[in-house]
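Breakdown of the fold
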Amino acid sequence: LRSKTILDEEFASLKNCEQNHCRLINNSYSCDVVALLIDVCGSRELFAHEYKVLLADRLLVMENMNIFSREEKYLKLIESRIGGSLLSSCSMMLKDIDSSKNINQYFYYPPSPLDAFNICRYNLLFTVKGIIICDYYWPKLEDDFIVKLPDVFLAHLNVYKKCYEAYKVNRTLIWNPNVGKVKMDIIINKKCLSITVSPIQATVLWHFQNQEEWTIDDLSTKMNVPSKKLIVFIGFWINKGLLKRQQYDTVILLKNLPGGTPDYVPDENDVRSPLNYVFDENVGITRRNDDDFIL
């Protein structure tokens, strides 16, 4: 019989071998993950296209610039494997995001308060920031419908557009209202809920301010959103406990706000509506005033 010490040594040796084998497999997998994805897609070109679409989706809902830095790092790693020529559009997409950040900062903190692009001169009810992209490099942001935003939303977007036209002569913006983020403060019965949603989701709840009951067909016509897709956006607020489907085709606003901050007391000078909005960010496609694409 072998002693316990010898058995322990052999077991430790076997365990080290297994760990080294697993480490070898993991390293091999890490090195070949891009090659594996290319193989799944079928070619480098198809992989580059799919990556471009995924990158666009992530950038348009990006919460902070830390995510931007991470995407830059990922892009450099992938470029080192398949070459930069296939991913040149992705580099331009990242430049658009960085440029948009600088433009937004310039509009709200201009060198001179008298500058024509000083957006603070317009006394907006809420902040508007834009992601300004060139659609030559980005995947097509096309839907089978374009949501009709409330007039107050459109007025604020037009102010931003006017500032952009003053900042970039001979260029204009064409907004894509379906894409972006809206930061909302929802105040019901002295309770406040802060949430970030899409412009379409924000528009759904907006229409319940002045009319607490809607049929799906009427709201669909009001928003220019197909009924089947509108039901999905309504379902978001139903899950949040703010709306209720009373009948098959009728939706009502509930007066209770689950999960909100209790005993919320608004400022006496606050003239905003019970739904406070911050567009952060909506997506604008940059074009020349003669409607030629900027390349």
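Reference entry: report on the structure contained in this document.

Conventions adopted
Residues numbered from 1 in each chain as written. Predicted model: local features only at pLDDT ≥ 70, side-chain atom pairs only at ≥ 80, totals over all residues. Heavy atoms only, no water. Pairing = 2+ DSSP bridges. Helix = DSSP H or I, 4+ residues; strand = E, 2+ residues; numbered from the N terminus. Salt bridge = Lys/Arg side-chain N within 4 Å of Asp/Glu carboxyl O. Buried < 20%, exposed > 50% of the residue type's maximum accessible area, 1.4 Å probe, protein only. Polar contact = N/O pair within 3.5 Å; in protein donor to acceptor, adjacent residues only side chain to side chain. Axes fitted to C-alpha atoms, helices over the stretch in contact; angles between N-to-C directions.

The next subject is the pairing of strand 3 (residues 191–197). Where strand 2 (residues 171–188) lies against strand 3, seven bridges are found, and the strand directions are antiparallel. Looking across to strand 3, one finds that Ile187 is bridged to Cys192. From the end of strand 2 to the start of strand 3, which pair antiparallel, there are two residues, and Asn189 there has a positive phi angle of about 50 degrees.

Our focus in this paragraph is the pattern of salt bridges. For the structure on display, the rule yields two salt bridges. Two residues, Glu71 and Arg58, come together in a salt bridge whose shortest N-O distance is 2.7 Å. One end of the pair, Glu71, is in helix 3 (residues 65–82); the other, Arg58, is in helix 2 (residues 44–60), with 13 residues separating them in the sequence. For Glu71, a relative accessible area of 2% gives the class buried. Note that Asp144 is salt-bridged to Lys229, the shortest N-O span being 2.9 Å. With a gap of 85 residues between them, Asp144 in the loop between strand 1 (128–133) and helix 5 (151–167) and Lys229 in helix 8 (residues 227–239) connect regions that are remote in the sequence.

A relative accessible area of 59% places Asp144 in the exposed class. Separated by 81 residues in the primary sequence, Asp144 and Val225 have C-alpha atoms spaced 9.1 Å apart. Within the structure, Asp144 has its side chain in polar contact with the side chain of Lys229 (distance 2.9 Å).

The strand order across the open sheet formed by three strands is 4-6-5, and the pairing between neighbours is antiparallel. Among the strands making up the open sheet, the edge pair consists of strand 4 (213–215) and strand 5 (243–247). Along the sheet, successive strands turn relative to each other by an average axial angle of 30 degrees, direction set aside. Summarising the sheet, strand 5 and strand 6 (residues 250–253) pair through four bridges and their orientation is antiparallel. Bridging from a neighbouring strand, Lys244 pairs with Ile252 of strand 6.

Another point: the environment of Thr172. You can see Thr172 is positioned in strand 2. A relative accessible area of 8% places Thr172 in the buried class. At 2.5 Å, the side chain of Thr172 and the side chain of Glu165 are in polar contact.

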